[in-house]
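A structural walkthrough
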Amino acid sequence: MEITDNVIVCVNLLDEAKKKHIKIDLNLLSDMLGVPVVGTIARKKSSLNNLLDVTYKVCQKKICPRPKKINYNSVIEDCITKLEIKLKELYDFPSNLYRWISLKLLENETDIISSIEKHLNVNFSENIEVEEMLENLQNILNNSNITKTNFRDNITSSIMKQAEEVCKKVCKFEDETYSNRDKKIDKILTSKTFGIPIMIIFLGIIFWITIVGANYPSQLLFSFFGYVQENLIDFANLLNCPAWLSDMLILGVYRTLTWIISVMLPPMAIFFPLFTILEDLGYLPRIAFNMDGFFKKCCCSGKQMITMCMGFGCNAAGVTGCRIINSPREKLIAILTNSFVPCNGRFPFLITIATIFIAGSVQGFSGSIISTIAVLLVILLGIFMTLLVSKILSKTLLKGMPSSFVLELPPYRKPQFGKILVRSIFDRTLFVLGRAICVAAPAGLVIWFFANVGINGESLLNIIANFLNPFASLMGLDGYILTAFIFGIPANEIVLPIILMCYLGNGTLVNLDDTFAIGNILVQNGWTILTAINVMIFTCLHFPCTTTLLTIKKETGSLKWTVISFLIPTVCGIVLCMFTTLIYNIFEIGIF
Amino acid sequence: MRKILSLNNLLLNEVGYIYNLNCSEGVKKRLLDLGLVKDTCIVPVLKSPSKGIRAFDIRGSLIAIRDEDTNLISVYTKNT
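The paragraphs below set out a description of the structure included in this document. Here the structure is a predicted model, which is why all the values come from computation and not from measurement. (Residues numbered from 1 in each chain as written. Chains lettered and ligands numbered in written order. Predicted model: local features only at pLDDT ≥ 70, side-chain atom pairs only at ≥ 80, totals over all residues. Heavy atoms only, no water.)

**Regarding the nonpolar core**
Residues and elements named next belong to chain A. Counting 106 residues, the largest nonpolar core has Ile499, Leu522 and Trp527 as the members making the most contacts within it. Among the elements that line this core, the one with the most residues is helix α11 (residues 243–281), at nine residues. Two domains each donate at least three residues to this core, and these are domain 2 (195–344 + 383–429) and domain 3 (436–591). In this view, leucine 522 contacts Ile353, Ile356, Phe357, Ile499, Leu500, Tyr503 and Trp527; residues no more than four positions away in its chain are not counted. The next biggest cluster of nonpolar side chains, apart from the first, holds 27 residues, and it includes Tyr72, Leu105, Phe124 and Ile146. (Core = buried A, V, L, I, M, F, W, Y, C linked by side-chain atoms within 4.5 Å. Buried < 20%, exposed > 50% of the residue type's maximum accessible area, 1.4 Å probe, protein only. Helix = DSSP H or I, 4+ residues; strand = E, 2+ residues; numbered from the N terminus. Domains from an automatic or database assignment. Contact = heavy atoms within 4.5 Å.)

Dropping the structure here:
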């Protein structure tokens with residue numbers, strides 16, 4: 001309002017105000033500010049027509065806003081007037097700007113001044129008259145105890161006081177207790193005893209719904225794509241397509257691609273809307289508030305907790321989410337450590353392994369509890385590693401103190417379910433899926449190639465696995481598992497299918513629904529409880545998938561940090577696996 | 001009688017009024033933009049279970065500030 005006369009004030013969220021029994025006198029507000037005021041409810045499109053209408057009228061000069069000026073402290077006002085007169089003598093600006101520029105010059109806001117100089121093509125610091133004047137005025141201000149440090153305080157409190165006055169006259173709180181409900185909810189959600197358990201329960205429920213709920217659409221997609229695949233093969237035969245080409249395209253590219261879509265799409269389509277509901281409710285800032293203490297100890301931001309939660313859904317989404325962290329240092333830490341939390345793609349794998357090996361002997365309900373605990377332990381390991389690595393990064397590569405952390409906790413609001421569905425599916429799910437598909441198609445080709453082309457009847461995949469075997473056994477794994485992790489880099493979901501493909505000697509990815517059939521194959525190929533534990537650890541701690549890496553590259557804009565984000569979890573995983581293997585071997589020798 | 005103390009010594013639900021911000025420039029600017037000018041009423045209402053941060057009621061909105069920063073904000077109380 002200090003820069004231009006063309007101002008329209010839009011008062012949004014009138015529906016919320018009504019709910020809280022706040023009455024706003026828009027006409028009075030308009031009189032007091034001297035500009036047109038339009039009330040809207042942005043959720044309702046029709047209420048926006050009035051805004052468009054007024055905007056149009058202002059553009060046509062049918063309505064001429066005359067914004068009222070803010071009155072500052074009398075000494076400051078005097079200085080502004082003097083400088084204004086000087087500027088009017090020297091320069092030719094639009095008439096509204098003199099007062100504002102004078103204020104900014106007195107305030108010495110270098111950023112804004114340099115941008116003013118750039119746009120108006122002038123240079124104040126080179127003009128001796130302006131400089132002299134400024135020095136004089138600064139002295140006058142100093143004499144009345146207005147220094148460089150408290151100038152801004154003075155200005156802001158004048159603005160605030162006048163705003164408060166307007167607010168007092170315009171708004172009527174008919175119900176003084178309107179925020180009591182919010183306060184009560186906040187008391188519980190951030191209480192010492194319940195705050196953190198409630199948070200874990202909320203997140204637990206979301207994961208559970210995602211894991212359980214995703215199974216059914218996944219099966220449907222599998223059978224649909226399987227049906228299409230058979231038709232594609234028939235079609236290829238009809239065209240007399242050479243077998244190697246149709247195999248490569250259908251069993252290689254098509255199969256990997258549809259596999260990734262079937263396993264990734266349903267969990268994402270469930271997880272993101274659920275997460276967006278929490279976001280819309282206003283719960284996420286409370287999570288950050290609850291956990292801030294732990295993150296502060298590691299010299300990073302409490303908001304990292306939010307990006308971590310998003311990482312459970314998809315690490316790529318979590319990395320994108322790091323934009324909410326203001327400090328560049330803390331943002332980078334959050335990005336680098338995001339892949340420590342297992343994402344949706346790794347969950348099913350973790351659960352399968354936990355079910356087979358850890359709960360394998362216990363059937364039924366208690367079995368599912370045991371495997372849940374095992375998976376939870378892996379998640380806790382991930383969170384612990386996140387904090388540990390964040391701390392180490394803060395002390396070494398990204399040295400620095402925790403920056404200040406000011407976070408607004410907005411009032412709770414009822415989420416809009418329809419919009420959430422649309423927004424989360426289009427903005428997040430399809431975005432992430434699109435990126436995954438770009439990587440999956442070529443990867444499918446490469447995997448097929450390695451599995452089917454070989455020397456002396458031995459496939460390249462086998463050769464690589466044998467080559468990696470000595471190193472892998474140091475980690476308590478075998479060459480095939482490590483190879484599968486390397487080939488699973490486009491999407492973690494295909495790690496288990498590749499392992500099975502290797503063991504069964506097939507040239508294509510294998511889909512097995514029966515957990516115990518998978519278990520038998522794994523045990524026959526020498527898996528022990530140690531293998532299972534190490535596979536679970538390595539699933540949690542290894543290089544992020546290509547989608548995430550691409551996202552990191554885009555967010556940090558640097559190849560160096562992308563490489564580091566690749567190395568940190570991998571090294572952690574290798575070291576930890578070697579450690580558990582060592583311990584296990586010592587025990588074995590000790591027992592026998 | 002007016003008693004001046006730093007904001008992190010203000011007890012939960014005790015009413016205080018901003019006296020001075022001694023924080024660094026960047027933080028100060030952010031706090032001023034949030035409306036923490038002199039004489040503003042401020043009430044600590046929530047405490048994080050992980051400690052080190054509290055949320056304050058400022059003009060009806062809830063704003064969380066870390067203890068390092070509230071340590072540098074002085075407030076006065078109006079009770080006798």
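So that's the structure; there's more coming.
**Brief notes about the pairing of strand β6 (residues 73–77) of chain B**
Residue and element names in this part refer to chain B. With five of its five residues buried, β6 lies for the most part within the structure. Taking every second residue as pointing to the same face, both faces of β6 are buried, with Ile73, Val75 and Thr77 on one and Ser74 and Tyr76 on the other. Bridge analysis of strand β1 (residues 3–6) against β6 gives four bridges, and the strand direction is antiparallel. From the neighbouring strand, serine 6 faces β6, where its bridge partner is serine 74. (Pairing = 2+ DSSP bridges.)

**Overview of the pattern of salt bridges**
Residue and element names in this part refer to chain A. Within this structure, the stated rule accounts for seven salt bridges over all chains. Here lysine 57 and aspartate 53 are joined by a salt bridge, their closest N and O atoms 3.7 Å apart. One end of the pair is lysine 57 and the other is aspartate 53, both in helix α3 (residues 48–59) and four residues apart, which spans about a single turn. (Salt bridge = Lys/Arg side-chain N within 4 Å of Asp/Glu carboxyl O.)

**Regarding the sheet that holds strand β2 (residues 16–21) of chain B**
Taken in spatial order, the seven strands line up as β5(A)-β5(B)-β4(B)-β3(B)-β2(B)-β6(B)-β1(B) in an open sheet, and their pairing is antiparallel. Both outer strands of the open sheet, β5 (406–409) of chain A together with β1 of chain B, are each paired with one neighbouring strand and no more. Pairwise comparison of adjacent strand axes, ignoring direction, gives a mean angle of 40° for this sheet. The strands that helix α12 (residues 284–297) of chain A touches are β5 of chain A together with β3 (41–47), β4 (53–58) and β5 (61–66) of chain B; relative to β5(A), the one it contacts most, it runs at about 155°. (Axes fitted to C-alpha atoms, helices over the stretch in contact; angles between N-to-C directions.)

**Observations concerning the packing of helix α16 (residues 347–358) of chain A against helix α23 (residues 529–540) of chain A**
Residues and elements named next belong to chain A. Here α16 crosses α23 at 165°, and the two axes come no closer than 10 Å. Compared by their axis directions, α16 and α23 come out roughly antiparallel. The two elements α16 and α23 meet at a crossing, and its hand is left-handed. For the pair formed by α16 and α23, the contact residues are Phe349, Leu350, Ile353, Ala354, Phe357 and Ile358 on the first element and Ile529, Ala532, Val535, Met536 and Thr539 on the second. Partitioning the contact of α16 with α23 into residue classes produces ten nonpolar, one polar and no charged. (Parallel < 35°, antiparallel > 145°, perpendicular 65-115°, else oblique. Left-handed = near helix turned anticlockwise from the far one by under 90°. Nonpolar A, V, L, I, M, F, W, Y, C, P; charged D, E, K, R; others polar.)

**A word on the interface of chain B and chain A**
Each partner contributes residues to the interface: chain B has 32 residues there, and chain A has 34 residues. Here chain B meets chain A over a buried area of about 2,800 Å², counting both sides, of which 55% is carbon and sulfur. Counting the surface chain B buries against chain A, the share from its top three residues, B:Pro49, B:Ser50 and B:Arg66, is 24%. In this structure, the connection of chain B to chain A is made through two salt bridges. The partner of B:Glu68 in a salt bridge is A:Lys296, with the nearest N and O atoms 3.3 Å apart. Between the two partners, chain B and chain A, sit nine residue pairs in polar contact (both at pLDDT 80 or more). Counting only elements with at least two residues in the side of chain B that touches chain A, the list comes to α1 (25–33), β3, β4, β5 and α2 (67–70) of chain B. Examining the composition of the side of chain B that touches chain A, we find that seven residues originate from one element, α1(B), more than from any other. Split by residue class, the side of chain B that touches chain A holds 14 nonpolar, six polar and twelve charged. Taken together, the four bridges between β5(A) and β5(B) define a ladder with antiparallel strand orientation. (Buried area = accessible area lost by both parts, 1.4 Å probe. Polar contact = N/O pair within 3.5 Å; in protein donor to acceptor, adjacent residues only side chain to side chain.)

None of this, on its own, says anything about what the molecule does.
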